[in-house]
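Close look at the chain arrangement
Spelled out, the chains give:
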Amino acid sequence: VMNCNPFPIGHRYLIETAARACDHVFLLVVEEDISRFSFSDRLQLVKQGTVDLPNVTVLGGGRYAVSELTFPSYFTKEENTAHAHAAMDAELFATVIAPALGVERRFVGTEPCSAVTKVYNETLQSRLPKHGIAVVEINRLELDDEPVSASQVRALLDVGDQAAWERIKEMVPETTYDYLQKNCCKVTLQELLDAREERAAYQQDLLKEHGGVLISMTLNIPGPVKDREIYRETLENALEKICEIISTETILHREIRHRKTGSEGYVIAKGDVMTVKDIKKAMTAMEDENERGRLLDIDVMTIEGTLTRQDIGKHSRKCLLCSESAKVCARQQRHSIEQLLRKIEEILGNR
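Residues numbered from 1 in each chain as written. Predicted model: local features only at pLDDT ≥ 70, side-chain atom pairs only at ≥ 80, totals over all residues. Heavy atoms only, no water.

**Describing the overall build of the chain**
Scanning the chain from terminus to terminus reveals 13 helices and 11 strands. Taking 351 residues into account, the globule formula puts the C-alpha radius of gyration at 20 Å, and the chain, at 27 Å, lies well above it. The C-alpha extent of the chain, read off along each of the three principal axes, is 85 × 40 × 35 Å. Taking all 351 residues of the chain together, the buried fraction comes to 46%. Within the chain, counting contacts between residues at least 6 apart in sequence, those at least 24 apart form 66% of the total. A total accessible area of about 17,900 Å² is found for the chain, and carbon and sulfur atoms account for 48% of it. Averaged over its 45 positive side-chain charges, the chain has a centre that lies 5 Å from the centre of its 55 negative ones. (Helix = DSSP H or I, 4+ residues; strand = E, 2+ residues; numbered from the N terminus. Rg over C-alpha atoms; globule rule 2.2 N^0.38 Å. Buried < 20%, exposed > 50% of the residue type's maximum accessible area, 1.4 Å probe, protein only. Contact = heavy atoms within 4.5 Å. Areas by Shrake-Rupley, 256 points an atom, 1.4 Å probe, with all protein chains shown as cover. Lys, Arg positive; Asp, Glu negative; His and termini not counted. Charge placed at Lys NZ, Arg CZ, Asp CG, Glu CD.)

**A look at the packing of aromatic side chains**
This model, assessed by the stated rule, comprises six aromatic pairs. Consider the rings of Phe71 and Tyr74, whose centres lie 6.0 Å apart with planes at 45 degrees: the pair is tilted. Judged by its relative accessible area of 0%, Phe71 is buried. Tyr74 gets classed as buried once you look at its relative accessible area, which sits at 17%. One aromatic cluster is present, formed by Phe71, Tyr74, Phe75 and Tyr120 through successive ring pairs. Over the aromatic face of Tyr202 sits the side chain of Arg257, whose NZ or CZ is 3.9 Å from the ring centroid. (Phe/Tyr/Trp six-rings, centres within 6.5 Å; stacked < 30°, edge-to-face > 60°. Lys NZ or Arg CZ within 6 Å of the ring centre and 35° of its normal.)

**Considerations on the nonpolar core**
One finds Ile168 and Leu180 to be the most contacted residues of the largest nonpolar core, which totals 34 residues. Of all the secondary structure elements, the ones that give two or more residues to this core are α1 (9–21), β1 (25–29), α2 (39–49), β2 (56–60), α6 (150–159), α7 (162–171) and α8 (174–183). Residues contacting Ile168, with those up to four places away along its chain left out, are Val153, Leu156, Leu157, Tyr177 and Leu180. If you look at the next biggest cluster of nonpolar residues, it comprises 29 residues, including Leu239, Cys243, Ile246 and Val300. (Core = buried A, V, L, I, M, F, W, Y, C linked by side-chain atoms within 4.5 Å.)

**As for the layout of surface pockets**
Picture a little ball the size of a water molecule; that probe, rolled over the atoms, points out where space is still empty. For the second largest pocket, the calculated volume is near 1,300 Å³. Forming the walls of the second largest pocket are 49 residues, and the residues nearest its centre are Val1, Met2, Phe107, Val108 and Gly109. For the lining of the second largest pocket, the class distribution of residues is 28 nonpolar, 13 polar and eight charged. (1 Å grid on protein atoms, 1.4 Å probe; cavity = no way out; pocket = protein on both sides within 12 Å on 5 of 7 lines; lining within 4 Å. Points joined across faces, edges and corners; volume = space filled by probe spheres on them. Nonpolar A, V, L, I, M, F, W, Y, C, P; charged D, E, K, R; others polar.)

**Concerning the sheet that holds strand β8 (residues 251–257)**
Reading across from one edge, β8-β9-β7-β10-β11 is the order of the five strands in this open sheet, with antiparallel pairing throughout. A strand with exactly one partner marks an edge of an open sheet, and here the two such strands are β8 and β11 (305–307). Within the sheet, the average angular offset between the axes of one strand and its neighbour, ignoring direction, is 20 degrees. Where β8 and strand β9 (residues 264–269) come together, six bridges link them in antiparallel fashion. Paired with His253 across the bridge in β9 is Ile268. On top of the sheet, helix α11 (residues 276–288) reaches β7 (213–219), β9, β10 (296–302) and β11; it is set at about 175 degrees to β10, its chief contact. (Pairing = 2+ DSSP bridges. Axes fitted to C-alpha atoms, helices over the stretch in contact; angles between N-to-C directions.)

**What about α7?**
Within the sequence span of α7, burial applies to Ala164, Trp165, Ile168 and Met171. In an axial view of α7, the angular spread of the buried residues amounts to 115 degrees, which keeps them on one side of the axis. (Arc of directions from axis to C-beta.)

**Quick word on the packing of helix α10 (residues 229–245) against α11**
The contact between α10 and α11 brings their axes to 11 Å, and the two run at 140 degrees. Of the possible angle classes, the one that applies to α10 and α11 is oblique. Along this stretch, α10 crosses α11, giving a crossing that reads as right-handed. In this structure, α10 contributes Ala238, Lys241, Ile242 and Ile245 to the contact, and α11 contributes Ala282, Met283 and Met286. (Parallel < 35°, antiparallel > 145°, perpendicular 65-115°, else oblique. Left-handed = near helix turned anticlockwise from the far one by under 90°.)

**Looking at the pattern of salt bridges**
Where side chains of opposite charge bring their charged atoms close, a pairing between them can arise. What the rule picks out here adds up to 22 salt bridges. Of the charged contacts in the structure, one is a salt bridge between Arg232 and Asp227, with a shortest N-O distance of 2.8 Å. Exposure class is identical for Arg232 and Asp227. Each is buried. (Salt bridge = Lys/Arg side-chain N within 4 Å of Asp/Glu carboxyl O.)

**Considering α10**
Helix length check: α10, at 17 residues, gives a terminal C-alpha distance of 25 Å against a target of 24 Å (1.5 Å per residue), a fit within 8%. Considered for burial, the residues of α10 that qualify are Ile230, Tyr231, Arg232, Thr234, Leu235, Ala238, Leu239, Ile242 and Cys243. (Expected span 1.5 Å × (residues − 1).)

**A short note on the packing of helix α4 (residues 79–101) against helix α5 (residues 115–127)**
The geometry of α4 relative to α5 is characterised by a closest axis approach of 9 Å and an angle of 40 degrees between their N-to-C directions. Our classification of the angle between α4 and α5 gives oblique. Pair α4 / α5 crosses with right-handed handedness. Contact residues: α4 offers Glu79, Ala82, His83, Ala86, Ala87, Asp89, Ala90 and Glu91, while α5 offers Ala115, Val116, Val119, Tyr120, Thr123, Leu124 and Arg127.

**Things to note about the side chain of Asn121**
Following the sequence through the fold, Asn121 ends up in helix α5. Under the relative-accessibility criterion, Asn121 is labelled buried at 5%. Apart from residues lying up to four places away in sequence, Asn121 is in contact with Val108, Gly109, Glu111 and Glu137.

Structural measurements only, silent on function.
Structure (structure tokens):
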């Protein structure tokens, strides 16, 4: 029985170990919907993360396997009631669930962090053998001498910076990481407004420090999730292409900043090789050349100001889903965020 809130490689390791030792493993996912991640999402993450293990069956735990009804202390973390609740849950497992599934062994992971879960493990080890069910304790998987746990992943999600996401990537299966990026990097309107102001100030700082022509790039991604691995890769690839267009000997500075509010790319070129208008034309062509380019938002500016598409005789950008102006469609909300995101997933999937 696992909560998997969310599903880390530590849990995956326990399942793999049990699967190697048994003909068949039943994994029950705690069904109560009071954790940070919903039961339906947790169940799906475990199924996706164990799809390559043919002798593992993933099921919902129902009302009688580590539930509020049988083991409320698991959720409240009250140690003084944990022994009684753990005993009730263990007896129900031994007398009802195990016979129905034909269970002969129950696997648990060592528990160095949670006192309540440690009590539960001890109770299982004491009670289940009386019913003919062996209890096998597996040492938890460690990274850098620390056990990998779902609580660690949740703590890193709360930090949310680039270093935290890099650590999360080491601690969860790829399917869990993709899910977290899609659902846990949400930004507020105020964060977006603050990021816009900070970006404008940073652009001016770069121009004052280096001079020349600044090419500043972000991605046009609707919705509250702006930072995903595939978005980072898209911007990184686009920056490389810009550096090919603006030959290396003319580049004074280049950098990428991956932020919760979206990745930002910066290139500063000398202003004496290509004119500002030439650079703007090249960047506009890059935006317009294909659907992937339409995801890019590339500004070209000097210390005197920013060039627009109109300054080089170009029309405003078209909507990603229809032939109308993107600004008009956005203002009138002609397309849902879900429609736009599906289109973006389609574009980014066609590599």
